[in-house]
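A closer look at the structure
Next come the chains, spelled out residue by residue.
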There are 4 protein chains.
Amino acid sequence: MTHLPERLINGYRAFMDGRYATERDRYRALAKDGQTPETMVIACCDSRAAPETIFDCGPGELFVVRNVANLVPPYAPDGKHHSTSAALEFAVQSLKVKHIVVLGHGRCGGIRAALDPSAAPLSPGDFIGKWMGLVAPAAEAVAGNEMMTQSERQTALERISIRYSLANLRSFPCVSILEGKGRLSLHGAWFDISSGELWAMNPQTGDFERPETD
Amino acid sequence: MTHLPERLINGYRAFMDGRYATERDRYRALAKDGQTPETMVIACCDSRAAPETIFDCGPGELFVVRNVANLVPPYAPDGKHHSTSAALEFAVQSLKVKHIVVLGHGRCGGIRAALDPSAAPLSPGDFIGKWMGLVAPAAEAVAGNEMMTQSERQTALERISIRYSLANLRSFPCVSILEGKGRLSLHGAWFDISSGELWAMNPQTGDFERPETD
Amino acid sequence: MTHLPERLINGYRAFMDGRYATERDRYRALAKDGQTPETMVIACCDSRAAPETIFDCGPGELFVVRNVANLVPPYAPDGKHHSTSAALEFAVQSLKVKHIVVLGHGRCGGIRAALDPSAAPLSPGDFIGKWMGLVAPAAEAVAGNEMMTQSERQTALERISIRYSLANLRSFPCVSILEGKGRLSLHGAWFDISSGELWAMNPQTGDFERPETD
Amino acid sequence: MTHLPERLINGYRAFMDGRYATERDRYRALAKDGQTPETMVIACCDSRAAPETIFDCGPGELFVVRNVANLVPPYAPDGKHHSTSAALEFAVQSLKVKHIVVLGHGRCGGIRAALDPSAAPLSPGDFIGKWMGLVAPAAEAVAGNEMMTQSERQTALERISIRYSLANLRSFPCVSILEGKGRLSLHGAWFDISSGELWAMNPQTGDFERPETD
């Protein structure tokens, strides 16, 4: 007898009968030889924006950090526990990924919270408030712009925060050095849940543009 | 022209022609009505252990945190940026998930690093060393047992750390209160990359057991 | 009239009408020509782990020692009565077996006793306590790890003790010499009573792995 | 890949597809509830005389010690490692078996060695010589009787040694006390490899008699 939710047990059985059955050799090789993903993705926890789904990727392809609003904090070698920085260090220094993608998405709950800092904290610890404080200056600037609609402010901050995370990535010496040598490239992308469209950040301009898909 | 890696562009096209094409209505409803996932998963960044793949879950089903070694730090309302705690607070207080699953896996690089603290740090910040310091006492106890093989020590610490994260989850008042009321349940699971097997933690004993799947 | 338990008499009749009836010639040849088993098995007394059953072997195939927890003591030519060493000498020197398998199993009562040395002895002689004292150092190291569950400690010591017995086998000059010449090979295996799975020890790493059976 | 001998791997597969497949529930119950065998058998290592085969017994039925010539040493609470005494203590005190059967057999190599003490020892340790020294007085008396054929001397000592082991069993306080209370009964039996016949010891006379099987 297992105590996992029935939905997960059934899903696991579907995995074993489906993907695992057809990719058994791949899984065994990945176990034996270790992972060598070429890409790290920093994505949001949101249940509608799983990077493996959006990029149709299989086992071994994406090394994935997921936190609320896909944020990268600035480099801070202060001896504290840094979840995202640890993952970044491991991906870049140990796995030697070639690409890092910061993947944002529309209707992000973390971004919505950042735009409304007057809301009552969810808990005494106010972890969401503290975490989204990482983009507080940008959030304040956008939230104060009453000429944009709420939806426009939301999308604007979603995209600003992707550019902010990319800038913070470059504050890590290992990232900026390898990027300078041409051995690591950084990317931004934004997923529109409703239309399914992926908007890629133009590295020259910082604009988000739909890739031409034909 | 886009600057995303070609593999990701091709994968995204496969997503648009496949999953999105057949689930367009679901995506639109998820965008319009918001997400209401019943389950939060705390998983590892490892490219071989994506929870959506292992549980064969679609958009809207799993709210997912991924960090190195699927760790939950203890409750610490100290005003600092806490990535995992913020996601936990959002999932429990705002989304009101019914289940939290800590999903570990075999051959975890973070656990391997924890078992070998004498290894040279990957960077001056030593973010992996600091992050895995969360399980340092357990790592020391296991690493000192030279009668177990390296692989046995690794599996032992992978499972100890899942139980440790579950204990830390319960140090959050919102989690322990809701669990006490029967409105939230906690689960542990461990994925064997090679065999594809999922071992579920028995909540009474803490042991990991394969669900009987027939 | 016989005084043997009725179950054994009935079982013996089933043997005579079944296996013996169909293998009469084999038994006669084995009586006339003597036994020439290729494999010695050192197994536990446990009623759930008979090697002939697990390996589906017939008469003449396995030379079997069974003691509590399938232990081999270290080589000690001290003139005392050594049950296991005598059997080993006979199998290797006289029968010239080609393989020795140390077969452990899950939920072993002897191992459980070793992990709880503070338990009251079963008898004034405390034969179990003394016998399991052969693995006392390993038992102490494992028993002290309170972060592992009782079941995990049990499995760990079951496997450590198999490796310990294999090391002790090699302390017998006749074993190490013949192994060095390639005329004798040593194996470890662990049987999971519940699932029926046999885990074979990888001779390079000492890890126990399920043979791929398809 | 496994390193076990191919014969054993094939036998194990036959077990899994056969006995285990049909007795899965029994194995699971035996794992969950523990073993409760009613009978302990002290048998020989000989490959032709497995008690599970001769008594057609399944998992959970027989707790089995096997040593060369199915010997029980006398009670000796001297703090040394005693393989057979430990198993006896465990069976009687912990498992509370109701029957103990000493099962000898024809053409026993250990008995043959005991009858020929002038043979060169198999190894410098001479473990067989020391072990069979347990029945040395009986062996000398029989070996010196030149009016019996070699085969008669062999059978005679095989049966004497069964009675000797039964007497030693009664030197253990726990055995004699429980036998006196009628909660434990002792039996002797001798298996004829060639004919497949089982001869049971008459507890009144000590004679070995073929049970009437119809």
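Residues numbered from 1 in each chain as written. Chains lettered and ligands numbered in written order. Predicted model: local features only at pLDDT ≥ 70, side-chain atom pairs only at ≥ 80, totals over all residues. Heavy atoms only, no water.

Under an unreviewed UniProt entry, the name given to chain A is Carbonic anhydrase, and the source organism is Neoaquamicrobium microcysteis. Taken verbatim from the UniProt record of chain A, the Sequence similarities (unreviewed entry) comment is "Belongs to the beta-class carbonic anhydrase family." The UniProt entry for chain A carries this comment under Catalytic activity (unreviewed entry): "hydrogencarbonate + H(+) = CO2 + H2O". (UniProt positions renumbered as here; feature names shortened; annotations may be inferred.)

The next subject is the overall build of chain A. Each helix and strand in chain A was counted, giving 8 helices and 6 strands. When its helices and strands are written in sequence order, chain A yields α-β-α-β-α-β-α-α-α-α-α-β-β-β. Its C-alpha atoms give chain A a radius of gyration of 19 Å, near enough to 17 Å, the size a compact globule of 214 residues would have. With respect to the principal axes defined by its C-alpha atoms, chain A has extents near 55 × 45 × 45 Å. Burial analysis of chain A (214 residues in total) assigns 56% to the buried set. Considering only intrachain contacts with a sequence separation of at least 6, the fraction spanning at least 24 residues in chain A is 66%. In the structure as shown, chain A presents an accessible area of about 8,900 Å², 50% of it carried by carbon and sulfur atoms. Side-chain charges in chain A split into 22 positive and 25 negative, and the spacing between the mean points of these groups amounts to 6 Å. (Helix = DSSP H or I, 4+ residues; strand = E, 2+ residues; numbered from the N terminus. Rg over C-alpha atoms; globule rule 2.2 N^0.38 Å. Buried < 20%, exposed > 50% of the residue type's maximum accessible area, 1.4 Å probe, protein only. Contact = heavy atoms within 4.5 Å. Areas by Shrake-Rupley, 256 points an atom, 1.4 Å probe, with all protein chains shown as cover. Lys, Arg positive; Asp, Glu negative; His and termini not counted. Charge placed at Lys NZ, Arg CZ, Asp CG, Glu CD.)

You can overlay chain A on chain B at an RMSD of 0.1 Å; the transform is a turn of 180° with a shift of 0.0 Å along its axis. Between the two chains, the operation in question is that of a two-fold axis. Taking C-alpha positions as reference, the residue of chain A nearest the rotation axis is A:R66, located at 2.4 Å. Of all interface residues in chain A, 98% are interface residues in chain B too; the two copies therefore contact each other through one and the same surface. (Least-squares fit on C-alpha atoms with pLDDT ≥ 70 in both.)

Here we take up the domain arrangement of chain A. Residues and elements named next belong to chain A. By domain assignment, chain A separates into domain 1 (1-34) and domain 2 (35-209). Summarising the inter-unit geometry, the C-alpha centres of domain 1 and domain 2 are found 29 Å apart. Listed per partner, the contact involves 7 residues of domain 1 and 7 residues of domain 2. Buried area between domain 1 and domain 2, both sides added, is near 460 Å², and the carbon and sulfur share of it is 59%. (Domains from an automatic or database assignment. Buried area = accessible area lost by both parts, 1.4 Å probe.)

For the rest of this paragraph, the subject is the side chain of B:N67. Along the chain, B:N67 falls in strand β2 (residues 62-67). Those residues within four positions of B:N67 in sequence are excluded, and the remaining contacts are A:S83, B:A43, B:C44, B:C45, B:T84 and B:W131.

Contact residues are listed per partner, giving 23 residues for chain B and 23 residues for chain C. Buried surface at the junction of chain B and chain C, summed over both partners, amounts to about 1,500 Å²; 52% is from carbon and sulfur atoms. Of all residues in chain B, B:M147, B:E152 and B:R210 give up the largest surface area on contact with chain C, accounting jointly for 33% of the area buried on that side. Applying the counting criterion to the chain B and chain C interface returns 5 salt bridges. (Salt bridge = Lys/Arg side-chain N within 4 Å of Asp/Glu carboxyl O.)

The subject of this paragraph is the interface of chain A and chain B. Each partner contributes residues to the interface: chain A has 92 residues there, and chain B has 94 residues. With both chains or domains summed, chain A and chain B bury close to 8,000 Å², and 64% of this area falls on carbon and sulfur atoms. Scanning the region where chain A abuts chain B turns up 4 salt bridges. Of the charged contacts in the structure, one is a salt bridge between B:R7 and A:E61, with a shortest N-O distance of 2.6 Å. The tally of links from chain A across to chain B stands at 39 residue pairs in polar contact (both at pLDDT 80 or more). Among the secondary structure elements, those contributing two or more residues to the side of chain A that touches chain B are α1 (6-33), α2 (51-54), β2 (62-67), α3 (83-94), β3 (99-105), α5 (127-132), β4 (185-191) and β5 (198-201) of chain A. Counting residues per element, the side of chain A that touches chain B draws most heavily on α1(A), which supplies 16 residues. Split into classes, the residues belonging to the side of chain A that touches chain B amount to 44 nonpolar, 29 polar and 19 charged. (Polar contact = N/O pair within 3.5 Å; in protein donor to acceptor, adjacent residues only side chain to side chain. Nonpolar A, V, L, I, M, F, W, Y, C, P; charged D, E, K, R; others polar.)

Residue and element names in this part refer to chain D. In the contact formed by helix α4 (residues 83-94) and helix α9 (residues 173-180), the axes pass within 10 Å of each other and the chain directions differ by 35°. Handedness of the crossing formed by α4 with α9: left-handed. Counting all contacts with α4, which are made through L88, V92 and Q93, the residues of α9 involved are C174, V175 and L178. Looking at the contact of α4 with α9 residue by residue, the class counts come to 5 nonpolar, 1 polar and no charged. (Axes fitted to C-alpha atoms, helices over the stretch in contact; angles between N-to-C directions. Left-handed = near helix turned anticlockwise from the far one by under 90°.)

Note on the copies: chain B fits chain C at an RMSD of 0.0 Å, the axial shift is 0.0 Å, and the rotation between them is 180°. A high fraction, 100%, of the interface residues of chain B reappear at the interface in chain C, so the copies pair face to face through one surface.

This brings us to the environment of A:M16. Within the secondary structure, A:M16 sits in helix α1. Sequence spacing of A:M16 and A:A114 is 98 residues, and the spatial spacing of their C-alpha atoms is 40 Å. Ignoring any residue separated from it by four or fewer positions in sequence, one finds A:M16 in contact with A:A21, B:S195 and B:G196.

Glancing now at the pairing of strand β1 (residues 39-44) of chain D. Residue and element names in this part refer to chain D. Counting buried positions along β1 gives 6 out of 6 residues, so the element sits mostly inside the fold. A two-sided burial pattern is seen for β1, the buried positions comprising T39, V41 and A43 on one face and M40, I42 and C44 on the other. Pairing between β1 and strand β2 (residues 62-67): 6 bridges, direction parallel. Within β2, the residue paired with C44 across the bridge is N67. The sheet contact formed by β1 and strand β3 (residues 99-105) spans 4 bridges and is parallel. (Pairing = 2+ DSSP bridges.)

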